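# Understanding the architecture of this molecule
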Amino acid sequence: MYIYGKNILKEIIETHYPVKHIFFSSSKTEKGSLKEIVEDVANLGYSYSFSPNEVLEKMALTSKHQGIVIDIGNDFKYENLDIIEGKEKLFLVILDQIQDPHNFGAIVRTSVAAGVDAIIIPKDNAVEVTPVVIKVSSGQIFKIPIIKVTNLSNTIETLKKENVWVYGADIGGKPYYEIDWQGNICLVFGNEGNGIRKNVKNHCDELVSIPMFNNVESLNVSVSAGIILFEAKKQRTFNK
């Protein structure tokens, strides 16, 4: 998988995320604009080389690569659910069959900013981590574990055994600002068109909603996530 851009590479360097190879534009490097970041890559022992700008454009499928293309290998590094075992004050997000990579990327970026510990996605019928997701997240996806599971309902039951209270975002739920967001919590956000699937919804402890005016039925899922996650962040930060 090829991804690109200076900010994304900076996030990779900051988190020491393992990559297969990094390609730098030979012309931009000669001009000195990439000198510092090339030195950082070299000091950390990453594999890298220099190529003509045209070669990078073919790999990135765009001319907006900023002189950097990163090969992260065939697949993104997903985590397992066991990484959260034993942790206190868990703050988790589950995405139930999100299809749009732009929504996924935006939710990742918001989740990192709100202090979420991990994002859980289903193995099937959902968008995975793609170059678009990584780009939209501005590389923030390398700062948060993305956990892929086979069955979300079973995962929710596992979380409950770890004393995690699971909230599903749904139009029929309790107003989100009336919820006590302390302790171990997990927020479930549903598919762009159909919301949370019925079976997944039935496993949630409680449903929460965003009250709206003017007969607006729903918001984009990434917008809804931002509103609710930052209410939770506010309470968890200031109402200790």
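These numbers were taken from a predicted model, which means no experiment stands behind them.

## Considerations on the pattern of salt bridges
Following the criterion strictly, the structure yields 8 salt bridges and no others. Its salt-bridge partner being Glu11, residue Lys143 comes within 3.2 Å of it at the nearest N-O pair. Placement of Lys143 in the loop between helix H6 (131-136) and strand E7 (146-149) and of Glu11 in helix H1 (residues 6-15) is noted, with a sequence separation of 132 residues between them. A residue is classified by how much of its surface remains accessible, and Lys143, at 36% relative accessible area, is partly exposed. Close ionic contact of Arg197 with Asp96 constitutes a salt bridge, the shortest N to O distance being 2.7 Å.

## Looking at the pairing of strand E5 (residues 91-95)
Where burial is concerned, most of E5 is hidden: 5 out of the 5 residues are buried. With burial as the criterion, each face of E5 is covered, one bearing Phe91, Val93 and Leu95 and the other bearing Leu92 and Ile94. Here 5 bridges tie E5 to strand E9 (residues 185-189), and the two strands are oriented parallel to one another. Looking at E9, one finds that Val93 is bridged to Leu187.

## With respect to the domain arrangement of the protein
Along its sequence, the protein is carved into domain 1 (2-71) and domain 2 (81-239). Distance from the C-alpha centre of domain 1 to the C-alpha centre of domain 2: 32 Å. Every contact between the two is made by 9 residues of domain 1 and, on the other side, 8 residues of domain 2. With both sides pooled, the region where domain 1 packs onto domain 2 buries about 800 Å², and carbon together with sulfur makes up 71% of that total. The largest share of the area that domain 1 buries against domain 2 comes from Ile3, Ile8 and Glu11, three residues that together contribute 52% of it. Between the two partners, domain 1 and domain 2, sit 2 salt bridges. When the shortest N-O distance is used, the salt bridge between Lys143 and Glu14 registers 3.9 Å. The tally of links from domain 1 across to domain 2 stands at 2 residue pairs in polar contact (both at pLDDT 80 or more).

## Some details on the environment of Gly193
Mapping Gly193 onto the fold places it in the loop between E9 and helix H8 (198-203). Looking at Gly193, the relative accessible area reads 63%, which means it is exposed. For the pair Gly193 and Val166, spaced 27 residues apart in sequence, the C-alpha separation works out to 21 Å.

## Some thoughts on the environment of Asn151
For Asn151, the position within the fold is in the loop between E7 and helix H7 (152-161). Linking Asn151 and Lys123, residues 28 residues apart in sequence, is a C-alpha distance of 7.7 Å. Within the local environment of Asn151, its side chain forms a polar contact with the backbone nitrogen of Ser153, the two atoms lying 3.0 Å apart.

## Quick notes on the sheet that holds strand E3 (residues 48-51)
Read across the open sheet, the 4 strands follow the order E1-E4-E2-E3; overall the sheet is mixed. Looking along the sheet, the strands with just one partner apiece sit at the ends: strand E1 (2-4) and E3. The sheet shows a mean angle of 25° between the axes of neighbouring strands, direction not considered. In this sheet, strand E4 (residues 68-71) lies alongside strand E2 (residues 21-25) in antiparallel orientation, the contact comprising 4 bridges.

## Here we look at the packing of H1 against helix H3 (residues 35-43)
Between H1 and H3, the least distance of the axes is 11 Å, while the angle of their chain directions is 30°. One element, H1, and the other, H3, form an angle in the roughly parallel class. Of the two elements, H1 crosses H3, and the hand of that crossing is left-handed. On H3, the residues that touch Lys6, Leu9, Lys10 and Ile13 of H1 are Ile37, Asp40 and Val41. Counted by class, the contact of H1 with H3 contains 4 nonpolar, no polar and 3 charged residues.

Cut-offs and rules
Residues numbered from 1 in each chain as written. Predicted model: local features only at pLDDT ≥ 70, side-chain atom pairs only at ≥ 80, totals over all residues. Heavy atoms only, no water. Salt bridge = Lys/Arg side-chain N within 4 Å of Asp/Glu carboxyl O. Helix = DSSP H or I, 4+ residues; strand = E, 2+ residues; numbered from the N terminus. Buried < 20%, exposed > 50% of the residue type's maximum accessible area, 1.4 Å probe, protein only. Pairing = 2+ DSSP bridges. Domains from an automatic or database assignment. Contact = heavy atoms within 4.5 Å. Buried area = accessible area lost by both parts, 1.4 Å probe. Polar contact = N/O pair within 3.5 Å; in protein donor to acceptor, adjacent residues only side chain to side chain. Axes fitted to C-alpha atoms, helices over the stretch in contact; angles between N-to-C directions. Parallel < 35°, antiparallel > 145°, perpendicular 65-115°, else oblique. Left-handed = near helix turned anticlockwise from the far one by under 90°. Nonpolar A, V, L, I, M, F, W, Y, C, P; charged D, E, K, R; others polar.

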